[in-house]
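Coordinate analysis (summary)
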Amino acid sequence: MSSFARQALIVLAVVALAYLAWRVAYALLLAFGGILFALFLRGVAGALARRTRLGMRVSLAAVGLVLLAGVALGRLRSGRKSPNASTSLAAPSRKAQARRARICGRRNGGRRYWSSRVISWGRRAAC
């Protein structure tokens, strides 16, 4: 095999690996995050095992239960304040809809077209 063909195959292999890494980037990031989380759990469980003379498995279970209880407590404390709290953010009020229609109608040459994803800060609105 000639030197040029070998170099071309190497370049092709590098490009193929880069493309593959780009396509599976989300899965790679998820795996990396899982590994970091496992290392965190093992470190905290190891420290707990050394201080309390519990076994590693018992310490890991205790750390997991404490984290789970913390997440559950956080969900309870920041839960819905009213029965309509989940829908109030999704559906803008009539006042907001009228304001958006007024602003966007002015900016679009009198047309009353505006998206439900209009974002407004202060008096400006993205139509």
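Given the structure is predicted, the values throughout are model-derived calculations rather than measurements. (Residues numbered from 1 in each chain as written. Predicted model: local features only at pLDDT ≥ 70, side-chain atom pairs only at ≥ 80, totals over all residues. Heavy atoms only, no water.)

In terms of helices and strands, the protein chain carries five helices and two strands. If you list the helices and strands of the protein chain from N to C, you get α-α-α-α-α-β-β. In the protein chain, the proportion of contacts linking residues at least 24 apart, taken out of those at least 6 apart, comes to 8%. Total accessible area computed for the protein chain in this model is approximately 11200 Å², and 65% of it derives from carbon and sulfur atoms. (Helix = DSSP H or I, 4+ residues; strand = E, 2+ residues; numbered from the N terminus. Contact = heavy atoms within 4.5 Å. Areas by Shrake-Rupley, 256 points an atom, 1.4 Å probe, with all protein chains shown as cover.)

This paragraph deals with a nonpolar patch on the surface. Taken together, Leu17, Leu20, Val24 and Leu28 make up a surface patch of nonpolar side chains, about 370 Å² in accessible area. You can see valine 24 is positioned in the loop between α1 (3-23) and α2 (25-52). Looking at valine 24, the relative accessible area reads 34%, which means it is partly exposed. (Patch = residues over 30% accessible without salt bridge, like charges linked within 9 Å, V, L, I, M, F, W, Y side chains within 5 Å. Salt bridge = Lys/Arg side-chain N within 4 Å of Asp/Glu carboxyl O. Buried < 20%, exposed > 50% of the residue type's maximum accessible area, 1.4 Å probe, protein only.)

A separate point is the confidence of the model for the protein chain. In this model, the protein chain carries a mean pLDDT of 79, and residues with pLDDT of at least 70 account for 71%. Within the protein chain, the lowest mean pLDDT, 49, falls on strand β1 (residues 119-121), and the highest, 94, falls on α2. Predicted confidence for residues 108-118 stays below pLDDT 50, and this span has 17 contacts to residues more than four positions away or in other chains. (pLDDT = per-residue confidence, 0-100.)

Right, let's get into α2. Helix length check: α2, at 28 residues, gives a terminal C-alpha distance of 40 Å against a target of 40 Å (1.5 Å per residue), a fit within 8%. Those residues of α2 that are buried are in contact with α3 (56-77). Phi turns positive, to about 60 degrees, at arginine 53, one or two residues after α2. (Expected span 1.5 Å × (residues − 1).)

Let's shift gears to the packing of α2 against α3. α3 packs onto α2 with a crossing angle of 115 degrees between their chain directions and a minimal axis gap of 8 Å. Considering how the two elements wind past one another, α2 and α3 form a crossing that is right-handed. Of the residues in α3, those in contact with Phe37, Phe40, Leu41, Arg42, Val44, Ala45, Gly46, Leu48 and Ala49 of α2 are Met56, Ser59, Leu60, Ala62, Val63 and Leu67. In terms of residue class, the contact of α2 with α3 is made up of twelve nonpolar, two polar and one charged. (Axes fitted to C-alpha atoms, helices over the stretch in contact; angles between N-to-C directions. Left-handed = near helix turned anticlockwise from the far one by under 90°. Nonpolar A, V, L, I, M, F, W, Y, C, P; charged D, E, K, R; others polar.)

The next point concerns unusual backbone geometry. For arginine 53, which is not a glycine, the phi torsion comes out positive at approximately 60 degrees. Mapped onto the elements of the fold, arginine 53 is located in the loop between α2 and α3. Judged by its relative accessible area of 79%, arginine 53 is exposed.

Here we take up the packing of aromatic side chains. What characterises a pair of aromatic rings is the spacing of the ring centres plus the angle enclosed by the ring planes. Across all of its chains, the model carries two aromatic pairs by this definition. When the centroid spacing of 5.9 Å and the interplanar angle of 45 degrees are considered together, the rings of tyrosine 19 and tryptophan 22 count as tilted. With tyrosine 19 and tryptophan 22 both in helix α1 and three residues apart, this pair spans about one turn of that helix. Overall, the relative accessible area of 59% leaves tryptophan 22 in the exposed class. (Phe/Tyr/Trp six-rings, centres within 6.5 Å; stacked < 30°, edge-to-face > 60°.)

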